Amino acid sequence: MKKKLLLVVAMVMVVFAVCGCGKKEDVSTSSDKIKIVTTIFPEYDWVREILGDKANDAELTLLLDSGVDLHSFQPTTDDIVKISDCDIFIYVGGESDGWVEDVLKTANNKDLIAINLLDVLGDNVKEEELVEGMEGEEEEEGEEEEEEEEEGPEYDEHVWLSLKNAVILCNEIEKAIEKVDPDNASTYQANVKAYTDSLSQLDDQYKSAVDDASTKCLLFGDRFPFRYMTEDYGLTYYAAFIGCSAETEASFETIRFLSNKVDELNLKSVMTIEGSDQKIAQSIVDNTADKNQNILTINSMQSVTMKDVEDGAQYLSTMEDNLEVLKEALK
């Protein structure tokens, strides 16, 4: 993380020097459109929904547009220039966005509105959680306590996977857009109202599905970025890794523990997230008594590309698809 921050600081210094050597005029005269920069796909799609028919009046940028995960993203010089000159910058916050503070300090637009999702959610933000059976649980718990004493707690950044959070965040984003473009405030207000009503209706469908489910536990042979979702609906979970883990190999002890949990709880499915090779999930299935569980994939929207966007990817429809997967997993 320290190397990453040093790299970003160096890039910021270069951008600052370049902007002071004639580039600023080119950027400021390039467009009168509202400039909005987002880091991840859910933010990007929320903005599209709020803008509605006014989307052509804005320049909307998705920084993580090539499938790069939030936890490994490093901004380019072009990214920093875009942020420096935008009107609204929306980012998750937390350790993965440790580079943002230095970029914002050198922003050309001194009226830039920066929206940190974790800050908006405040007390709704949860700390990263190590549950029984996770890879490296005993070792990491000791390290985690030492790190918390030195740096404070590490927060779970996957806040967009809660529909309840999404409603709060969309309303905050609408306020920022309205501030930049007050002439179209009524349009943005109507758009966010219609969209958040749809999110709340889907939230109700999730609750009904869980209420009707025969089991209330999910088991992931993968990373687990869905803590906000499970807590929204009172579900328990087991997983191979925490949500931000970079590990890809699970020990035999982890596989055995998760396989035993599948048997103990009579689970019909083992879960993975998008992009998984499913090797860990398959190993878990292979070590159960029945060896016939389904392997299901649920989408955490961490690796959405611009091609996916062009092909019609949407936050709401993805969460609708996830609901169908959840229903299958909880049978």
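Conventions adopted
Residues numbered from 1 in each chain as written. Predicted model: local features only at pLDDT ≥ 70, side-chain atom pairs only at ≥ 80, totals over all residues. Heavy atoms only, no water. Salt bridge = Lys/Arg side-chain N within 4 Å of Asp/Glu carboxyl O. Helix = DSSP H or I, 4+ residues; strand = E, 2+ residues; numbered from the N terminus. Buried < 20%, exposed > 50% of the residue type's maximum accessible area, 1.4 Å probe, protein only. Phe/Tyr/Trp six-rings, centres within 6.5 Å; stacked < 30°, edge-to-face > 60°. Pairing = 2+ DSSP bridges. Axes fitted to C-alpha atoms, helices over the stretch in contact; angles between N-to-C directions. Core = buried A, V, L, I, M, F, W, Y, C linked by side-chain atoms within 4.5 Å. Contact = heavy atoms within 4.5 Å. Parallel < 35°, antiparallel > 145°, perpendicular 65-115°, else oblique. Nonpolar A, V, L, I, M, F, W, Y, C, P; charged D, E, K, R; others polar.

Trainee: So what about the pattern of salt bridges? Which residues, and what values?
Mentor: Tallied over the full model, the rule gives 13 salt bridges. The partner of Glu-231 in a salt bridge is Lys-126, with the nearest N and O atoms 3.2 Å apart. Of this pair, Glu-231 sits in helix H9 (residues 227–232) while Lys-126 sits in the loop between helix H5 (117–121) and helix H6 (137–151), and the two are 105 residues apart along the sequence. By relative accessible area, Glu-231 is classed as partly exposed at 38%. By relative accessible area, Lys-126 is classed as partly exposed at 21%. Ionic pairing is found between Glu-231 and Arg-227, a salt bridge with its closest N-O pair at 3.0 Å. Remark: Arg-227 and Glu-231 occur in helix H9; sequence separation between them is four residues, near one turn of the helix. One connected set of salt bridges, linked through shared partners, spans Lys-126, Glu-129, Arg-227 and Glu-231.

Trainee: Describe the packing of aromatic side chains, and please don't skip the residues or the numbers.
Mentor: Under the defined criterion, the tally for this structure stands at nine aromatic pairs. Consider the rings of Phe-220 and Phe-224, whose centres lie 5.0 Å apart with planes at 80 degrees: the pair is edge-to-face. Here Phe-224 falls in the buried class, since its relative accessible area comes to 3%. Joined through ring pairs, the aromatic side chains of Phe-73, Phe-89, Tyr-91 and Trp-99 make up one cluster.

Trainee: Explain the sheet that holds strand S4 (residues 113–116) to me, using residue names and the numbers behind them.
Mentor: Paired through their backbone hydrogen bonds, the strands of a sheet run either parallel or antiparallel. Overall, parallel pairing links the four strands, which are arranged S2-S1-S3-S4 in an open sheet. The open sheet has two edge strands with one neighbour each: strand S2 (58–62) and S4. Averaged over all pairs of adjacent strands, the angle between their axes in this sheet comes to 15 degrees, without regard to strand direction. With four bridges joining them, strand S3 (residues 88–91) and S4 adopt parallel strand pairing. If you follow Tyr-91 over to S4, its bridge partner there is Asn-116.

Trainee: So what's going on with the nonpolar core? Residues and values would help.
Mentor: Side chains of nonpolar character tend, in soluble globular proteins, to be buried together. One finds Trp-46 and Phe-89 to be the most contacted residues of the largest nonpolar core, which totals 86 residues. Non-local contacts of Trp-46, meaning those with residues more than four positions away in its chain, are made with Leu-117, Trp-160, Ala-166, Leu-169, Cys-170, Ile-173, Tyr-195 and Tyr-315. Phe-241, Val-270, Ile-280 and Val-285 belong to the second largest nonpolar core, which has 15 residues in total.

Trainee: Could you give an account of the packing of helix H7 (residues 163–180) against helix H8 (residues 185–212), with specific residues and numbers?
Mentor: Contact pair H7 / H8: the axes reach a minimum separation of 9 Å and the direction vectors enclose 175 degrees. For the element pair H7 / H8, the angle class is roughly antiparallel. Where H7 abuts H8, its residues Leu-163, Lys-164, Ala-166, Val-167, Cys-170, Asn-171, Glu-174, Ile-177 and Glu-178 lie against Ala-185, Tyr-188, Gln-189, Val-192, Tyr-195, Thr-196, Leu-199, Ser-200, Leu-202, Asp-203 and Tyr-206.

Trainee: Provide a residue-level description of the packing of H8 against helix H13 (residues 315–329), including the pertinent values.
Mentor: Running from N to C, H8 and H13 point in directions that differ by 5 degrees, and their axes come no closer than 10 Å. For the element pair H8 / H13, the angle class is roughly parallel. Across the interface between the two elements, Tyr-195, Ser-198, Leu-199, Leu-202, Gln-205, Tyr-206, Ala-209 and Val-210 of H8 pack against Tyr-315, Leu-316, Met-319, Glu-320, Asn-322, Leu-323, Leu-326 and Lys-327 of H13. Of the residues in the contact of H8 with H13, the class split is 11 nonpolar, three polar and two charged.

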